[in-house]
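What follows is each chain in one-letter form.
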Protein chains: 2
Amino acid sequence: AAARAWWAWLLACVAAAWGRVAGFATEVWRIGADDPRKAVHGLKVGLSLALVSIFYYIRPLYDGVGGAAMSAIMTVVAVFEYTVGGSVYKSFNRAVATASAGVLALGVHWVADKTGEFEPYILTGSIFLLSAAATFSRFIPTVEALFDYGVTIFILTYSQLVAVSGYRVDELAALVQQRIFTVAIGIFMCLAVAIFVCPVWAGQELHLLTTLNMEELAAALDCVEDYFAEGPAAQPQARSDGYRCVLNSKDSEDEQANLAWWEPAHGRFGFRHPYGKYGKVGAAMRACACCVKALSTCASAEAPAPEHVKRLVRDACTRAGARCAQVLREASRSVATMTTSSRALSLAVADMNTAVHELQGDMRSLPSLVDDTMPVFTVASQLVELAA
Amino acid sequence: AAARAWWAWLLACVAAAWGRVAGFATEVWRIGADDPRKAVHGLKVGLSLALVSIFYYIRPLYDGVGGAAMSAIMTVVAVFEYTVGGSVYKSFNRAVATASAGVLALGVHWVADKTGEFEPYILTGSIFLLSAAATFSRFIPTVEALFDYGVTIFILTYSQLVAVSGYRVDELAALVQQRIFTVAIGIFMCLAVAIFVCPVWAGQELHLLTTLNMEELAAALDCVEDYFAEGPAAQPQARSDGYRCVLNSKDSEDEQANLAWWEPAHGRFGFRHPYGKYGKVGAAMRACACCVKALSTCASAEAPAPEHVKRLVRDACTRAGARCAQVLREASRSVATMTTSSRALSLAVADMNTAVHELQGDMRSLPSLVDDTMPVFTVASQLVELAA
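Residues numbered from 1 in each chain as written. Chains lettered and ligands numbered in written order. Predicted model: local features only at pLDDT ≥ 70, side-chain atom pairs only at ≥ 80, totals over all residues. Heavy atoms only, no water.

Student: Explain the overall build of chain A to me, using residue names and the numbers behind them.
Tutor: In terms of regular secondary structure, chain A is built from 16 helices and zero strands. In chain A, 79% of the contacts between residues at least 6 apart in sequence involve partners at least 24 apart. Put simply, chain A shows about 18,400 Å² of open surface, and 65% of that area lies on carbon and sulfur atoms. (Helix = DSSP H or I, 4+ residues; strand = E, 2+ residues; numbered from the N terminus. Contact = heavy atoms within 4.5 Å. Areas by Shrake-Rupley, 256 points an atom, 1.4 Å probe, with all protein chains shown as cover.)

Rendered as structure tokens:
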């Protein structure tokens, strides 16, 4: 009996473990199936690493353990990002930082060499001062936005080159030259694979995110209609949950706009595509989402407004809500197709204004809907600006 | 005359350049003066780098260009973060990733060595497959939250070790051992400086952020009072801008809660401090901030409500707003002092409930204020949970 209980327990354990593994595998598969570009990104990283290692396998350039091959591989691993903009940003930073740190290390080493016995103090002191100053500079907003990664690489390269300063200046110069050369090879392979094999553009991602967020908001606005519908308003919450992701999208928007700035012209995105405008549209949309949230909290309140009050304003409110949603949908379409001031959008805005005026005329006792429409105006005006 | 014009132009240029430099210097100084810990952080990084380089200066362990010293310096530069939690997270990831990648590289190299002529294909293929799989695994939420940095280091170490596989297995074993040893030295120096020299705890930062956000919200709620005040309501906007930073604080909160999880017990923060609760309080506060935003948009609307409507509800509204602010202030104090269910807080909540019921009884025509108080209930209930 004891043996049987033990067997049953073991089987249960195996079944449970298998269940967890299967669940995990399903989740992983779902991530890949939802967005195959993520799987492709993995393959791209593997490809560029294999290319670099083949390159060094064919031409064994390395002198001693961990010379050029290690540096080139480190470049590929560190520089390869999901979007092209990210890769270009890191490549540029790495190249500039390696070159400037190399030149500076040569200069300091030359000076220290002249002073003779003070050499170790000067070298250690310069590491301390330069890395402290560089680390602090990362807190300056401009530096953080454009050169955060570069500062890290500057500290790293300078410290490494100075730390191997048992070597003579001309050997150090050869080391610096080799370092810059290998970094260049790594960056070249990386950018080639990132741009020519199924590229993922940060600008496009940003564009898509903006369009989708507008659609979400429009769908969330339908809660107004649900609220005023007759009968039990059972599931208004389910449809209006979209505003949450709009509210939380600020950081990813900012990051992608930053990265998109580095991207070369591609597709319908020109060289000086106004990525900054997306941030403004996003801010207007978040303001709008806030109002939608207030609306939907209102609509799903436990103590609903009495039926006769509702009936008083039903038509005007439903119309205003529908027109707002319509404006957002038109705006989303206009952004998606990148058309300047589409006729449909201005028509929809005019319709919305009429509906809002009617509502304002009808009643002044439901302020939250009235000020809900103001951010929509803002979105519309920002959008006209973007389209221009 | 031409020479004088030229001189004037030159002087103007110099003055402009000097102005810009001075402005930049002032900004940098302000950043340091506002939060001296940022300057201290720079000095700490400099200190640990100087320590590592002195260590290798005294005991020249390196064999060939860029051996142990380079690896140790790279560890310090990459692992040292602003908060202790960040440093521990990266140290742990780096240690585990280096060790596992080293062991795996040894194993694969041994197998490849046995197969003879297929060796280069097996090695390059393994780099391709492993790095592709590891890169893809970074998109899995669990892996991203806990091991994102470790995966990078795993790819890096494995590729580097396999790429130098011109060496025999026993030489590779020595290399792996040396790599692990130097990483350990780097991590040790790093953690020692991070923890014992003016530590910055992510948990404390998170705690402070939550407290400050509550204060901001309470201050923003005063816009209700301004709105109902007699005379020209000129500057309600200025006081209520605090909700903006509350709305945008989600990502930094999530990040700090993640890092705080790695921190050892310190001060009043025990080993299993419920950092997850801060996220819930934060979500409740963001919902609250949304309502405050809707309120303040309402209060600063261009077409204000007629004076007689205002007078009708002034007392009840002002009282409800003030009581809400009071609850938030008490909650902030209770979080700040980490007291369990303070008497003042429950008193304030009771007061607020009374005021809200009065308001509800008075009128049902101003729905936005009524549902403004609901998130406050949520905050209060979350808070009681946190305090427990």
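Student: Residues and numbers for the pattern of salt bridges, please.
Tutor: In this structure the tally under the stated criterion is 10 salt bridges over all chains. A salt bridge links A:Asp148 to A:Arg138; the shortest N-O distance between them is 3.1 Å. Highlighted residues: A:Asp148 in helix α6 (residues 141–163) and A:Arg138 in the loop between α5 (119–137) and α6, separated in sequence by 10 residues. Residue A:Asp148 is classed as partly exposed on the basis of its relative accessible area, which comes to 23%. Taking relative accessible area as the criterion, A:Arg138 reaches 27% and is therefore assigned partly exposed. Between B:Glu205 and B:Arg37 there is a salt bridge, and its shortest N-O distance comes to 2.8 Å. Highlighted residues: B:Glu205 in helix α8 (residues 202–221) and B:Arg37 in helix α2 (residues 36–58), separated in sequence by 168 residues. A relative accessible area of 33% places B:Arg37 in the partly exposed class. What you see here is one network of salt bridges that share partners, running through A:Asp35, A:Arg37 and A:Glu205. (Salt bridge = Lys/Arg side-chain N within 4 Å of Asp/Glu carboxyl O. Buried < 20%, exposed > 50% of the residue type's maximum accessible area, 1.4 Å probe, protein only.)

Student: Tell me about the nonpolar core, and please be specific about residues and values.
Tutor: Ranked by internal contacts, the top residues of the largest apolar core, which has 118 residues, are A:Leu49 and B:Leu49. Residues within four places of B:Leu49 in sequence aside, it is in contact with A:Ile127, A:Ser131, A:Ile155, A:Ser159, B:Ile73, B:Val76 and B:Val77. (Core = buried A, V, L, I, M, F, W, Y, C linked by side-chain atoms within 4.5 Å.)

Student: So what's going on with the packing of aromatic side chains? Which residues, and what values?
Tutor: Residue and element names in this part refer to chain A. Enumeration over the complete set of coordinates arrives at 14 aromatic pairs over all chains. Ring centres 6.3 Å apart and planes at 10 degrees place the aromatic pair Phe154 and Tyr158 in the stacked group. One end of the pair, Phe154, and the other, Tyr158, are both in helix α6, four residues apart, so they sit about a helical turn from each other. Between Trp261 and Trp262, the ring centres sit 5.2 Å apart and the planes meet at 90 degrees, which makes this aromatic pair edge-to-face. (Phe/Tyr/Trp six-rings, centres within 6.5 Å; stacked < 30°, edge-to-face > 60°.)

Student: Which residues make up unusual backbone geometry, and what values go with them?
Tutor: One non-glycine residue with positive phi stands out, namely A:Cys198, at about 40 degrees. With respect to the element layout, A:Cys198 can be found in the loop between α7 (169–196) and α8 (202–221).

Student: Mind laying out the side chain of B:Ser126, listing which residues take part and the relevant values?
Tutor: All names here are of chain B. You can see Ser126 is positioned in helix α5 (residues 119–137). Polar contacts involving the side chain of Ser126 include one to the side chain of Tyr158, which spans 2.8 Å. Those residues in contact with Ser126 that lie beyond four places of it in its chain are Val108, Ser131 and Tyr158. (Polar contact = N/O pair within 3.5 Å; in protein donor to acceptor, adjacent residues only side chain to side chain.)

Student: Describe in detail the packing of α5(A) against α6(A), supporting the description with residues and values.
Tutor: All names here are of chain A. One can describe the packing of α5 onto α6 by two numbers: an axis separation of 9 Å at closest approach and a directional angle of 170 degrees. Taken together, α5 and α6 sit at an angle that is classed as roughly antiparallel. Facing Leu123, Ser126, Ile127, Leu130, Ser131, Ala134, Thr135 and Ser137 of α5, the residues of α6 in contact are Val143, Val151, Phe154, Ile155, Tyr158, Ser159 and Val162. When its residues are assigned to classes, the contact of α5 with α6 shows 10 nonpolar, five polar and no charged. (Axes fitted to C-alpha atoms, helices over the stretch in contact; angles between N-to-C directions. Parallel < 35°, antiparallel > 145°, perpendicular 65-115°, else oblique. Nonpolar A, V, L, I, M, F, W, Y, C, P; charged D, E, K, R; others polar.)

Student: A description of the side chain of B:Thr210 should follow, citing residues and the corresponding values.
Tutor: Within the secondary structure layout, B:Thr210 lies in helix α8. Among residues more than four places away in sequence, those in contact with B:Thr210 are B:Tyr278, B:Val281 and B:Met285.

Student: I'd love a proper account of the packing of helix α4 (residues 84–115) of chain B against α5(B), names of residues and values included.
Tutor: All names here are of chain B. Direction vectors running N to C along α4 and α5 enclose 150 degrees, while the axes themselves pass 8 Å from each other. Between α4 and α5, the crossing angle belongs to the class labelled roughly antiparallel. Here the hand of the crossing between α4 and α5 comes out right-handed. Residue-level inspection shows Leu104, Val108, His109, Ala112, Asp113 and Thr115 of α4 in contact with α5, the latter providing Glu119, Ile122, Leu123, Ser126 and Leu130. In terms of residue class, the contact of α4 with α5 is built from six nonpolar, three polar and two charged. (Left-handed = near helix turned anticlockwise from the far one by under 90°.)

Student: An account of a negative patch on the surface is needed here, citing residue identities and associated values.
Tutor: Judged by side-chain charge, A:Asp251, A:Glu255, B:Asp251 and B:Glu255 come together as a negatively charged surface patch. Of all elements in the fold, only α12 (250–260) of chain A together with α12 (250–260) of chain B reach the threshold of two or more residues within the negative patch. In this structure, A:Asp251 sits in helix α12. Here A:Asp251 falls in the partly exposed class, since its relative accessible area comes to 31%. (Patch = residues over 30% accessible without salt bridge, like charges linked within 9 Å, V, L, I, M, F, W, Y side chains within 5 Å. Lys, Arg positive; Asp, Glu negative; His and termini not counted. Charge placed at Lys NZ, Arg CZ, Asp CG, Glu CD.)

Student: Residues and numbers for the state of the cysteines, please.
Tutor: On inspection of all chains with the given rule, the structure shows zero disulfides over all chains. There is no disulfide at B:Cys198, and the cysteine sulfur nearest it, in B:Cys190, is 15 Å away. (Disulfide = S-S within 2.5 Å.)

Student: Can you explain α12(A)? Please cite residues and give values.
Tutor: Note that an α-helix has 3.6 residues per turn; residues three or four places apart therefore point the same way. Listed as buried for α12(A) are A:Glu253, A:Gln256, A:Ala257, A:Leu259 and A:Ala260. Each buried residue of α12(A) sits inside an arc of 165 degrees when the element is viewed along its axis, so together they form one side. (Arc of directions from axis to C-beta.)

Student: Give me the lowdown on the confidence of the model for chain A, citing residues and values where you can.
Tutor: All names here are of chain A. Summing up the model confidence of chain A, the mean pLDDT is 74 and the portion of residues at 70 or higher is 68%. The least confident element of chain A, judged by mean pLDDT, is helix α16 (residues 367–387) at 44; the most confident is helix α4 (residues 84–115) at 89. Below a pLDDT of 50 lies the segment residues 62–66, which in the model reaches 14 contacts outside its immediate sequence neighbourhood of four places, other chains included. The low-confidence segment residues 363–388 (pLDDT under 50) makes 60 contacts with residues lying over four places distant or belonging to another chain. (pLDDT = per-residue confidence, 0-100.)

Student: Explain the environment of B:Glu330 residue by residue, including any values.
Tutor: Residues and elements named next belong to chain B. Locating Glu330 in the fold gives a position in helix α14 (residues 307–337). Taking relative accessible area as the criterion, Glu330 reaches 9% and is therefore assigned buried. Glu330 sits 112 residues away from Ala218 along the chain, and the two C-alpha atoms are 9.8 Å apart.

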